[in-house]
Each structure stands twice: as structure tokens, then as C-alpha cells.
Amino acid sequence: MAKLSDARRAQLPRNAFAYIDSQGRRRLPIYDEAHIRSALSRFNQVAFESDAAREQARSKLLLAAKRHGVVPVGFIEAQLRTERTRGQADAQARRVAGLPSGTVTFLMTDIEGSTALLADMGVKYGALLAEVRRVQRERVRRAGGQDVEVHADEFLAVFRDPARALDAAVTIQRRFAEKDWRAPRPIRVRIGIHRGHPNLTETGYIGLSVHAVSRVCQAAHGGQIVVSRSAKDGLTDGPPNGVTLRSLGQHRLRGFPRPDTLYQVVGDGLAARFPKLRTTL
């Protein structure tokens, strides 16, 4: 299709365009079938001045397509994909806006032996994983935390203070120990807790403290709760739930230059004996 010249564009009436911006610039000509098809293909490339202007232009374009017998199947599919993407982005923005900033405490869990479980259970593993996440979210929210991210078998939550994170971790492990999972092998999660000062961006948390809680979690074994020194120091009133913290000595977390003192949570309903931590020291 030949490019519409400025002179020809100026001669056409306003209703020959789907969109005219506040500066009077005429976009998306819709006066014949060829230009309508072009406008449908280029619609998402236009920088509309507002959502209302975009919606009005879309309505005019679809009406013009109907008048000229153009069936905009591809356009509608593209618009649905765009709306889904925008909806997901809006939901992400709302979720991030509600997360605490400043000094926070992270709790991360990971299912021990998840690869073997998946091999044993096949498609049934999906239902098990959904139930694991439900239990974790329930305990986190009861303790006043918020789930931040789920990736494969990992689950990350955030709390304003370490006492609440520790409370959630203890109740998660106790619930896992008593629950009948109806699985071919025991379902155990390792839990790491770390306190730090991450950056909260529009996509979520970033910073060394996010990496640190992942490393603390990876150091633990299924059924074990491991706490970093910074999280322990934040327990100004001591551990909740009648539990205690037992020092496991200094350990170097992968990727971090200096070792950190790590602690195991000990208490009723929690396993007490584990192999050495999975760290470099």
C-alpha cells in the first residue's frame, strides 16, 4: 500500500482516521479496506496519549472494519494478548506496592528431593506442589508475612521482623511433619531465614539479602530451619513459639566472601538431628 502523503492526509475528513491526537496529528487512516488492514496491523505501534484515547481509536477502527467487511481476527487476538499482559503488569505493580521496604526479613523454603519426587509421581506432582504452596502461604499470612515469589520448588516470603518469620517457619515445619501428604516418600522442606535491606523495585526485591536467604536455605536439610546472624540479631525479644537457636558455627555461603554464623531452630515438634550444613565451611 502506498504511503499516504501529507497533502492527501490533510484533504481527508477527520472521520477518515481512527485517532487524532491533541496536536491535531492524524493517525490510522480508515477510509478504505487497504488502509483499515494497515491500521489493524499497526495499532499497537501507536503511542496513544491516554487509555481513553486508545479505547476510542480501537472502537472506531473496529466499526470501520465491520463496514468494509474486514474480519479482524488477528487484531482481536493481539489485543487480547496485550490486555492480558497489561493486566498481569498491573497486578504485579499492585502486589509490589504492598510489600514492606527498608529492613525486612526473608523466609525461603525449598522441597528436599523434588526431582526424585517428580520422577516418582509424574503429573500427580503438580497437585502435591499446589498443596505444599497452599500450606506455606497460609502459615506465612497467619504470621503477618507476604509471599513474594514462587519459582519451581522454591517459595519466598517477606516479613517486617524476624520474629514473625521464625514463627511462620516453625508452624510450617510442624504442619509438614504431621500432615499425610499421600506421597511415595516423605515431604520435607528446608527453610532459610535472613534479615537485610534490599531494594524494592517495580519488579520486586533485588539485592544481596535476597541472594543470602537463598544460600541459607540451600545450606539446610529437609525439616531444618537455618537462621543467619543478622536475623538472629533482629530478635530483640528472643525467639517466639518456645523455640531456641543453636549455633552451628561459622559457614561461608556460596558467593559471599566472608563466613557467617548460622543457627538451627530447636523446639518441640521439630526434627533435631541433621547432617552437616551444605556449605563450604
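Residues numbered from 1 in each chain as written. Predicted model: local features only at pLDDT ≥ 70, side-chain atom pairs only at ≥ 80, totals over all residues. Heavy atoms only, no water.

Asker: I keep staring at the pairing of strand β3 (residues 104-111) and nothing clicks. Help me out?
Answerer: Each regular strand displays side chains that alternate between the two surfaces of the sheet. Burial within β3 is extensive, with eight of its eight residues counted as buried. By the alternation rule, side chains of β3 split into Val104, Phe106, Met108 and Asp110 and Thr105, Leu107, Thr109 and Ile111, which are all buried. Summarising the sheet, β3 and strand β6 (residues 189-196) pair through eight bridges and their orientation is antiparallel. Looking across to β6, one finds that Leu107 is bridged to Ile193. (Buried < 20%, exposed > 50% of the residue type's maximum accessible area, 1.4 Å probe, protein only. Helix = DSSP H or I, 4+ residues; strand = E, 2+ residues; numbered from the N terminus. Pairing = 2+ DSSP bridges.)

Asker: Is there a simple way to think about the sheet that holds β3 in this case?
Answerer: The strands that make up a sheet are held in pairs by hydrogen bonds between backbone atoms, and each pair lies either parallel or antiparallel. Strand order in the open sheet formed by seven strands is β4-β5-β3-β6-β9-β11-β10, and the pairing between neighbours is mixed. Of all the strands in the sheet, just β4 (146-151) and β10 (244-251) have a single pairing partner and so form its edges. If you compare each strand with its neighbour and ignore which way they point, the axes differ by 25 degrees on average. Two strands pair when backbone bridges link them, and β3 and strand β5 (residues 154-159) are joined in this way by six bridges, in the antiparallel orientation. Bridging across to β5, Phe106 finds its partner in Val158. The strands touched by helix α6 (residues 125-142) within the sheet are β3, β4, β5 and β6, with β4 carrying the most contacts at an inclination of about 160 degrees. Across the sheet, helix α8 (residues 208-219) lies against β3, β5, β6, β9 (225-228) and β11 (260-266), angled at about 150 degrees from β6, the strand it touches most. (Axes fitted to C-alpha atoms, helices over the stretch in contact; angles between N-to-C directions. Contact = heavy atoms within 4.5 Å.)

Asker: Is there a simple way to think about the packing of α6 against helix α7 (residues 162-178) in this case?
Answerer: Think of two packed helices as two axes; the pair is described by the angle between the axes and how far apart they sit. Closest axis-to-axis distance for the α6/α7 pair is 9 Å, and the angle between their directions is 145 degrees. Considering only the axes of α6 and α7, their crossing is right-handed. Contacts from Val132, Val135, Gln136, Arg139 and Val140 in α6 reach Ala168, Thr171, Ile172, Arg175 and Phe176 in α7. Residues of the contact of α6 with α7, tallied by class, amount to six nonpolar, two polar and two charged. (Left-handed = near helix turned anticlockwise from the far one by under 90°. Nonpolar A, V, L, I, M, F, W, Y, C, P; charged D, E, K, R; others polar.)

Just geometry here; none of it tells us what the structure is for.
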